[in-house]
Amino acid sequence: MMAGMPRLVVVTTGGTIATSADREGVLRPVHGGAELVSGLDAQVIDLFTMDSSQLTPAEWLRIGAAVTEAARAADGVVVTHGTDTMEETALWLELTYSGSAPVVVTGAALPADAPDADGPGNLRDALVVAASPLARNLGTLICFAGAVRPALGTTKVGGPGLFGGRPPLGVVSDGLFGVTGGNQRAYLGPATDAARVDIVAAYPGADGAAIDAFVDAGAAGLIVEAAGAGNAGTPIVEAVRRAGSRGVAVAVTTRVPGGRTAARYGPGHDLVEAGAVMVPQLRSSQARVLLIAALSLGLPVGDVIARWG
């Protein structure tokens, strides 16, 4: 690295950005960090090479530890990651990483062996953001297809930009990072473990079997992905009540893209009366991460969800 240049670290974890097709045409992550960062001015931490659908909270902890350690001596850190669960890992880092050096998560929609592979461009953009003084103290960001988004509230939606949810807070254009909006960090605290939280879908005719099973399996918390503004049938409500009596925290989201929850209807009111907490905006994927962090850190679930959910 040249003297005076920003010190950048790339933590690689796999994902589409690291994939190529095998003999059967199946995409698998096979490219290590040295290949991805070849020709770029950055140090590499080759953490693992996995499809992001295979990651667990244990890997979040490993990524978080690697990022925190790298940030002690770096001006910025980039994490390459699969898009399937990028929103979970990015939010976990946002909630548990306190440093001032920016952490920028990126990946690819197309494999490395595609003629129009987007991974190299996304990685270069992410390094631009990580090196920019404008990104300091903004926490964890997702950089994809030229847009720079906050980790909290950003989810995979498909389409050309792949990610949506909260509006971008900046863009990368012509090798420069420009800020277009503000970002309030959602840092909760450093985590050394991750409580078990499961997601249950509420649908017509659903009973409480899944909730009871997850509680029996040791869940500390549950996300109920409900209908409409946060509504579910009576068997779900009663199962939530049983879960609460056993000390399990329950939060309610909606299956409606872009929807909001509120206990306006009878079933939603009954869920809250049974002990559940409504998550106003976050999709189930990120609501789960928020609940895991709150439980792992011993924070009041209702307060955390009210502020960041």
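Since this is a predicted model, take the numbers as computed values, not measurements.

## Focus on the overall build of the chain
Helix and strand counts for the chain stand at nine helices and 16 strands. On the principal axes, the C-alpha backbone points of the chain span a range of 60 × 45 × 30 Å. Across the 309 residues that make up the chain, the buried fraction comes to 51%. With an accessible surface of roughly 13200 Å², the chain has 53% of that area assigned to carbon and sulfur atoms. Charge separation in the chain, taken as the distance between the mean sites of 21 positive and 28 negative side-chain charges, equals 5 Å.

## Examining the nonpolar core
Grouped together as the largest cluster of nonpolar side chains are 25 residues, with contacts concentrated most on Val11, Ile63, Val67, Val77, Val79, Leu93 and Val103. For this core, the elements supplying multiple residues, two or more each, are strand 1 (8-14), strand 4 (43-50), helix 2 (57-71), strand 5 (76-80), helix 3 (86-96), strand 6 (103-106) and strand 7 (140-144). Of all the elements, helix 2 adds the most residues to this core, at five residues. Counting 24 residues, the second largest nonpolar core, distinct from the first, contains Leu152, Leu282, Ile292 and Ala294.

## Let's talk about the UniProt feature "domain: L-asparaginase N-terminal" (unreviewed entry) in the chain
The feature "domain: L-asparaginase N-terminal" (unreviewed entry), as given by UniProt, occupies residues 7-157 in the numbering adopted here. Taken end to end, residues 7-157 has its terminal C-alpha atoms 33 Å apart, with 28% of it in helix and 28% in strand.

## A short note on the sheet that holds strand 11 (residues 170-173)
In space, the eight strands of this open sheet follow the order 4-1-5-6-7-8-11-12, with mixed pairing throughout. Unpaired on one side and paired on the other, strand 4 and strand 12 (176-179) mark the two borders of the sheet. The average undirected angle you get between the axes of adjacent strands in this sheet is 25 degrees. The sheet strands contacting helix 2 are strand 1, strand 4, strand 5 and strand 6, and the helix crosses strand 4 at an angle near 175 degrees.

## Side note on the domain arrangement of the chain
Structurally, the chain comprises domain 1 (8-179) and domain 2 (197-308). Once you take the C-alpha centre of each, domain 1 and domain 2 turn out to be 30 Å apart. On the domain 2 side, the residues contacting the 13 residues of domain 1 number eleven residues. Between domain 1 and domain 2, roughly 1100 Å² of surface is buried when both sides are summed, and carbon and sulfur atoms account for 70% of that area. Of all residues in domain 1, the largest losses of buried area upon contact with domain 2 belong to Trp92, Leu95 and Leu152, amounting jointly to 36% of the total for that side. Where domain 1 touches domain 2, the interface holds zero salt bridges. Here domain 1 is connected to domain 2 by five residue pairs in polar contact (both at pLDDT 80 or more).

Rules used in this analysis
Residues numbered from 1 in each chain as written. Predicted model: local features only at pLDDT ≥ 70, side-chain atom pairs only at ≥ 80, totals over all residues. Heavy atoms only, no water. Helix = DSSP H or I, 4+ residues; strand = E, 2+ residues; numbered from the N terminus. Buried < 20%, exposed > 50% of the residue type's maximum accessible area, 1.4 Å probe, protein only. Areas by Shrake-Rupley, 256 points an atom, 1.4 Å probe, with all protein chains shown as cover. Lys, Arg positive; Asp, Glu negative; His and termini not counted. Charge placed at Lys NZ, Arg CZ, Asp CG, Glu CD. Core = buried A, V, L, I, M, F, W, Y, C linked by side-chain atoms within 4.5 Å. UniProt positions renumbered as here; feature names shortened; annotations may be inferred. Pairing = 2+ DSSP bridges. Axes fitted to C-alpha atoms, helices over the stretch in contact; angles between N-to-C directions. Contact = heavy atoms within 4.5 Å. Domains from an automatic or database assignment. Buried area = accessible area lost by both parts, 1.4 Å probe. Salt bridge = Lys/Arg side-chain N within 4 Å of Asp/Glu carboxyl O. Polar contact = N/O pair within 3.5 Å; in protein donor to acceptor, adjacent residues only side chain to side chain.

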